[in-house]
Amino acid sequence: MKHNNLKFIKYILTTIIFVASFVNISYAGWQLNNGKYQYFDEASNQIVTNKWVQNEAGYYYLGSDGYMITGWHRFDDGWRYFSDQGLMLKGWLELSNKKYFLKTNGVMITGWIYIEEDSAGFWYYFGEDGAMRSGWLNVNNNWYYLHEGAAFKSTWAKINDKWYHFSDVCAIDRGWYKQDGKYYYLDANSGEMRLGWIKDVNGNSYFLDRTTGVLVVDTTLEIDGVLYTFNENGQAFVSNGTNVAQTSNVPIGSGAVSGTTSGYFYNNDGSISSSINGLTAVTSVNNTSNSNNNVGSSAILGQVQEGRIPKSEVIAASESKSAVTGNANQSTISANTFANVVDSFGNLIEGSTVGPK
């Protein structure tokens, strides 16, 4: 009896093995192979390649070898990032101390994007490499400041002890700016809020409070021991009613502000031009308008303070005793003029810069 039972069991096992030899074993779904995952199609039982696979966790991508993609991978529509488990990531991503932002379809962002989180939205900028930028940023000759990546917008901000105002498109404002009935002047190059004396292209002088930057108007004020009267437009007059622009009391080196109608002008490269694209060149200690193309020390100093003439060029020209010729009207700036600037106003031109720092 025992012998017959053994024969029966042997028969059953042989039958199972025989039948199995004609049946394909199914590997449908994820399978680990050589330490990496592959995905087998449920219908064909074949390895899936170059296709997306979705489950309740999200999306995965299988490469040409059938293995699950991890890390960065470039597609026709951009870069995507996959976790170590192969899951396509979305939203903020931080790698090697750099931040990236991935759209809902996983594509890495470059350029500007508005991101709204927790009922607050900010503009961010991502470089061509996808990394989020911070600090000063220049795009198409417009300056922006990205605080921890978020661009300042419609606000004042103090950066490195200097005040700037940022517009509703996030770029720095420049020139005259009015807020709550008060005027401020923001440097034409750097956007920095100016303090103290400035002058327009007609030689009119204005005074901006040395603490708040507010334009002084409709008042009489003693400044550095001199009594000035300011009209409703902020133009300064000495106590006898004479426009400050016509006296020797104009502060040396106060830089010109935007706008002009005629005469000779300073270009951004320091050359003189009769074009209205630049700023007025002021020629002498009393800041009278230029009529003969000779540029005096006060004009040079003003332009150095504005950042339009690099300090290094002033000092180099003075030391070499050489003249510099403008490229517009062949206007000559003499070596003596440079020497006067360096000798008389050297302490004032220290630290002159161009653009936000």
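Thresholds, definitions, all that
- Sequence order sets the numbering: in each chain, residues are counted from 1 along the sequence as written.
- Note on the predicted model: pLDDT of at least 70 is required for a residue's local features to be given, and 80 or more for side-chain atom pairs to be given and counted; whole-chain, interface and lining totals, by contrast, use all residues.
- With hydrogens and water excluded, all non-hydrogen atoms of the structure serve as input to the side-chain values.
- Note on ring pairs: Phe, Tyr and Trp rings are taken, using the six-membered ring of Trp, and paired if centres are within 6.5 Å. Classes follow the plane angle, with under 30 degrees stacked, over 60 edge-to-face and the rest tilted.
- When accessible area is computed with a 1.4 Å probe and restricted to protein chains, residues below 20% of their type maximum are described as buried, those above 50% as exposed, and intermediate ones as partly exposed.
- Whether a charge sits over a ring depends on NZ of Lys or CZ of Arg being within 6 Å of the ring centre and within 35 degrees of the ring normal.
- We define a salt bridge as a side-chain nitrogen of Lys or Arg found within 4 Å of a carboxyl oxygen belonging to Asp or Glu.
- A run of H or I in DSSP counts as a helix once it spans at least four residues, and a run of E counts as a strand once it spans at least two, with each numbered from the N terminus.
- By the convention used here, strands pair only if DSSP detects at least 2 bridges between them.
- Counted as a polar contact is a pair of N or O atoms within 3.5 Å, where, for protein atoms, one must be capable of donating a hydrogen and the other of accepting one, and residues adjacent in sequence contribute only when both atoms are in side chains.
- What makes two residues a contact is simply this: any of their non-hydrogen atoms within 4.5 Å.
- Between the N-to-C directions of two axes lies an angle of 0 to 180 degrees, each axis being a line fitted to C-alpha atoms and, for a helix, fitted only over the stretch in contact.

Undergrad: Even after reading the chapter, I still don't get the packing of aromatic side chains, so can you show me in this structure?
TA: Working definition: an aromatic ring pair is given by the centre-to-centre distance plus the angle between the planes. A full pass over the atoms with the stated rule returns 32 aromatic pairs. When the centroid spacing of 6.4 Å and the interplanar angle of 85° are considered together, the rings of Trp176 and Tyr183 count as edge-to-face. A residue is classified by how much of its surface remains accessible, and Trp176, at 34% relative accessible area, is partly exposed. Taken together, the aromatic side chains of Trp136, Trp143, Tyr145, Phe152, Tyr164 and Phe166 make up a single cluster linked through ring pairs. A cation over a ring is seen here: Lys36 above Tyr67, with NZ or CZ 4.2 Å from the ring centre. Its guanidinium or amino end placed over the ring of Phe75, Arg80 lies 4.9 Å from that ring's centre, counting from NZ or CZ.

Undergrad: I keep staring at the pattern of salt bridges and nothing clicks. Help me out?
TA: A pair can form between side chains of opposite charge whenever their charged atoms are brought close. Scanning all chains against the criterion turns up five salt bridges. A salt bridge links Lys162 to Glu192, with the nearest nitrogen and oxygen atoms 3.8 Å apart. Taken together, the residues span a long stretch of sequence, with Lys162 in strand S15 (residues 162–166) and Glu192 in the loop between strand S17 (182–186) and strand S18 (196–199) at a distance of 30 residues. On the basis of relative accessibility, which here comes to 29%, the residue Lys162 falls in the partly exposed class.

Undergrad: Is there a simple way to think about the pairing of strand S4 (residues 58–62) in this case?
TA: Side-chain positions along a regular strand alternate between the two faces of the sheet. The buried fraction of S4 amounts to four of the five residues, a majority that puts the element mostly inside the structure. Where strand S3 (residues 51–55) and S4 come together, five bridges link them in antiparallel fashion. Pairing of Trp52 across the sheet is with Tyr61, part of S4. Here S3 folds back onto S4 in antiparallel fashion, the turn holding two residues.

Undergrad: For this particular structure, what's the right way to read the side chain of Gln38?
TA: Here Gln38 shows up in strand S2 (residues 36–40). Accessibility expressed as a relative area gives 5% for Gln38, which makes it buried. Here Asn33 takes part through its side chain, which lies 3.1 Å from a polar atom of the side chain of Gln38. Side-chain polar atoms of Gln38 contact the backbone oxygen of Asp65, separated by 3.4 Å. The contacts of Gln38, once residues within four sequence positions are left out, are Gly29, Trp30, Gln31, Asn33, Ile47, Asp65, Gly66 and Tyr67.

Undergrad: Explanation requested: the sheet that holds strand S12 (residues 142–147) in the structure shown.
TA: One key point about sheets: their strands pair by backbone hydrogen bonds, in either a parallel or an antiparallel sense. If you trace the three strands from one edge of the open sheet to the other, you get S11-S12-S13, paired in antiparallel fashion. The outermost strands of the open sheet, each flanked by one partner alone, are strand S11 (135–139) and strand S13 (150–151). Pairing of S11 with S12 involves five bridges; the strand directions are antiparallel. Counted as the bridge partner of Gly135 is Leu146 from S12.

Undergrad: Could you clarify how one ought to interpret the sheet that holds strand S20 (residues 219–223) in this entry?
TA: As summarised here, the arrangement of the three strands in space is S20-S21-S22, forming an open sheet in which the pairing is antiparallel. The sheet terminates laterally at S20 and strand S22 (236–238), the two strands that pair on one side only. For this sheet, the mean angle separating the axes of adjacent strands, direction not counted, is 35°. Of the strand pairs in this sheet, strand S21 (residues 226–230) and S22 are connected by three bridges, and their pairing is antiparallel. Directly across from Thr229, in S22, lies its bridge partner Phe237.

Undergrad: Can you walk me through the environment of Asn33 in this structure?
TA: Secondary-structure assignment places Asn33 in strand S1 (residues 29–33). Put simply, Asn33 and Tyr67 are 34 residues apart on the chain and 8.7 Å apart in space, counted from C-alpha to C-alpha. The contacts of Asn33, once residues within four sequence positions are left out, are Gln38 and Tyr67.

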